[in-house]
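One-letter residues, chain by chain:
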Amino acid sequence: MKTNTLRLAVQKDGRLTEETLGLLRASGLEFESYGRKLFSACRNFPMNIVYVRDDDIPSLVATGTVDIGILGQNVLNEKRAEVKKLLNLRYGFCTLAVSVPKESSVSSVSDLAGKIIATSYPKSAARFFREQNINVTIIPIEGSVEVMPSLGAASAIVDLVSSGSTLLVNDLRLLTPIYRSEAVLIANTQSIRANRSSQRIRELVTRFKSVLSAKNCKFIIFTAPQAASQKLKKIIPSLTPRASQAQTTDSTLEGVVNEEAFWSMLGRLRALGATNIRLMPIENSIL
Ligand code: PRT
Ligand code: ZN
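Residues numbered from 1 in each chain as written. Chains lettered and ligands numbered in written order. Predicted model: local features only at pLDDT ≥ 70, side-chain atom pairs only at ≥ 80, totals over all residues. Heavy atoms only, no water.

Colleague: Any details on unusual backbone geometry? Residues and values, ideally.
Modeller: Positive phi values are uncommon outside glycine, yet Arg80 reaches one of about 50°. Positionally, Arg80 belongs in the loop between α3 (73–79) and β5 (84–88). In this structure, Asp171 is a non-glycine residue whose phi angle is positive, near 55°. Position of Asp171 relative to the elements: it lies in the loop between α5 (165–169) and β10 (172–181). Look at Asp171 and you get partly exposed, because its relative accessible area is 48%. (Helix = DSSP H or I, 4+ residues; strand = E, 2+ residues; numbered from the N terminus. Buried < 20%, exposed > 50% of the residue type's maximum accessible area, 1.4 Å probe, protein only.)

Colleague: Before we move on, could you go through the environment of Ile220 and cite the residues and values that matter?
Modeller: Inspection of the secondary structure assignment puts Ile220 in strand β12 (residues 217–225). Taking the relative accessible area as the measure of exposure, Ile220 reaches 0% and is therefore buried. Once the C-alpha coordinates of Ile220 and Met280 are considered, the two residues, 60 residues apart in sequence, prove to be 6.4 Å apart. Among all residues touching Ile220, those that are not within four sequence positions of it are Ile236, Leu239, Leu253, Glu254, Gly255, Val256, Val257, Phe262, Leu269, Ile277, Arg278 and Leu279. (Contact = heavy atoms within 4.5 Å.)

Colleague: So what's going on with the pattern of salt bridges? Which residues, and what values?
Modeller: Inspection of the entire model under this criterion finds 10 salt bridges. Of the charged contacts in the structure, one is a salt bridge between Arg7 and Asp67, with a shortest N-O distance of 3.5 Å. Within this pair, whereas Arg7 is found in strand β1 (residues 6–11), its partner Asp67 is found in the loop between α2 (57–62) and β4 (68–72), the two being separated by 60 residues in sequence. Neither residue differs from the other here; Arg7 and Asp67 are each classed as buried. Of the charged contacts, one joins Lys102 and Asp171 as a salt bridge, the two residues approaching to 3.4 Å between their closest N and O atoms. Residue Lys102 is located in the loop between β6 (94–101) and β7 (116–119), and its partner Asp171 is located in the loop between α5 and β10; the two are separated by 69 residues in the primary sequence. One salt-bridge network, held together by shared partners, links Arg7, Asp67 and Arg196. (Salt bridge = Lys/Arg side-chain N within 4 Å of Asp/Glu carboxyl O.)

Colleague: Describe the sheet that holds strand β3 (residues 47–52), naming the residues involved and giving the relevant values.
Modeller: Strand pairing in a sheet is mediated by backbone hydrogen bonds. Such pairs are either parallel or antiparallel. Sheet architecture is open: 6 strands sit in the order β2-β3-β1-β4-β11-β5, paired in mixed fashion. Each end of this open sheet is capped by a strand with a single partner; those strands are β2 (39–41) and β5. Each neighbouring strand pair of the sheet contributes to a mean axis angle of 25°, computed without reference to strand direction. As paired strands, β1 and β4 are joined by 2 bridges and run parallel to one another. Paired with Leu8 across the two strands is Ile68, which belongs to β4. Packed onto the sheet, helix α1 (residues 17–26) meets β1, β3 and β4 and runs at close to 145° relative to β1. Along the sheet, helix α6 (residues 195–215) makes contact with β1, β3, β4, β5 and β11 (183–187), crossing β5 at roughly 25°. (Pairing = 2+ DSSP bridges. Axes fitted to C-alpha atoms, helices over the stretch in contact; angles between N-to-C directions.)

Colleague: Can you explain the domain arrangement of the protein chain? Please cite residues and give values.
Modeller: One frequent convention defines the size of an interface as the accessible area lost when the parts assemble. Annotation of the protein chain at the domain level lists domain 1 (6–91 + 183–193), domain 2 (94–181) and domain 3 (217–281). Relative placement of domain 1 and domain 3: their C-alpha centres are 40 Å apart. (Domains from an automatic or database assignment.)

Colleague: I'd like to hear about the site of ligand 1, residue by residue, with values.
Modeller: Around ligand 1 there are 21 residues in total, and Asp55, Asn74, Ser163, Gly164 and Thr166 lie nearest to it. Between ligand 1 and Arg15, the relevant distance is 2.8 Å, taken from an oxygen atom to a side-chain nitrogen or oxygen of the residue. Side-chain polar atom of Arg53 to an oxygen atom of ligand 1: 2.8 Å apart, as the coordinates give it. Its free accessible area being 840 Å², ligand 1 has 79% of it covered by the protein chains. For the shell around ligand 1, the secondary-structure elements that each account for two or more residues are α3, β9 (156–161) and α5. (Near = heavy atom within 4 Å. Polar contact = N/O pair within 3.5 Å; in protein donor to acceptor, adjacent residues only side chain to side chain. Areas by Shrake-Rupley, 256 points an atom, 1.4 Å probe, with all protein chains shown as cover.)

Colleague: Help me get a handle on the coordination of the zinc ion (ligand 2), residues and values and all.
Modeller: Coordination of the zinc ion (ligand 2) by the protein is provided by Asp54 (OD) and Asp55 (OD), with metal-donor distances spanning 2.0 to 2.1 Å. Here Asp54 falls in the buried class, since its relative accessible area comes to 17%. Taking the relative accessible area as the measure of exposure, Asp55 reaches 29% and is therefore partly exposed. (Donors = N, O, S within 2.8 Å, 3.2 Å for Na, K, Ca; no water.)

Colleague: Give me the lowdown on the side chain of Ser40, citing residues and values where you can.
Modeller: In this fold, Ser40 is placed in strand β2. From its side chain, Ser40 meets the backbone oxygen of Glu32 in a polar contact 3.1 Å long. Once you skip the residues sitting within four places of it in the chain, Ser40 turns out to touch Phe31, Glu32, Met47, Asn48, Ile49 and Tyr51.

Put into structure tokens, the structure is as follows:
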């Protein structure tokens, strides 16, 4: 591994891996990722991608072993490393929450005073209960936290929830959220200042931002009566007529729409005479 090359740590094999590698590729980076033994070198950008366990990323970044890393905000909150957060990456969404057995009489967190809480996030859990002034005993558990209440080992758990199906299967119910989490990009505090790396990190952030801003937007193109143009522009402000149009009563309009909003505006577009509507992906959007 060349030492003057930027180093990015990503999760080796887990929930964030696929979307992280997808984001890197969508950002125009070319690299081989099969096998993912230790690292892969980008062919078209001076960066090595290092594959590690997500729990190790905060300290690898904090110590400068790597310059930047992608991990869940939850891991960062738990490890509390001296790093700089650069960007929220809009995937890997989940919530760290307190959950109790469905049949439990506990109706608020204060009912957990004096009780045992099982968690893989002992620091986050301890901080939460301390801030609430509730005395609990926290037992750190590495895996299968959700089975602890049914084993009689804990009255509640603090764990990540995304779809909620794990809670359902284990007869648990969510009592209260602690914090929301998503994948984030973090950097070593020296690397963002050093000449060697700061410009490359900035370029990477720009690439990521352009992918993220293009993610929910689609390019739209359709035909509509010229007389309806003003009303259509009120629905899609970015609409512009295609250049060099023939002198007809219809015009071809193009613009950018949020994909979710598109489906709710489709009826109004049609009512104003829009036909031949095509929606196309945008790969990047550099604003
Ligand atoms: O091996 P390594 O240490 O790298 O991976 P890991 O096993 O520690 O982490 P991994 O791959 O499970 O998760 C990586 C990251 O994904 C987490 O740090 C979060 O940022 C994010 N993430 C998003 C989740 C979830 N959603 C999630 N649902 N991480 C874990 N879960 C687990 C949760 O702990 C619970 O067991 O999924 C279960 C609940 O899911 P639902 O959908 O049933 O509610
Ligand atoms: Zn982990």
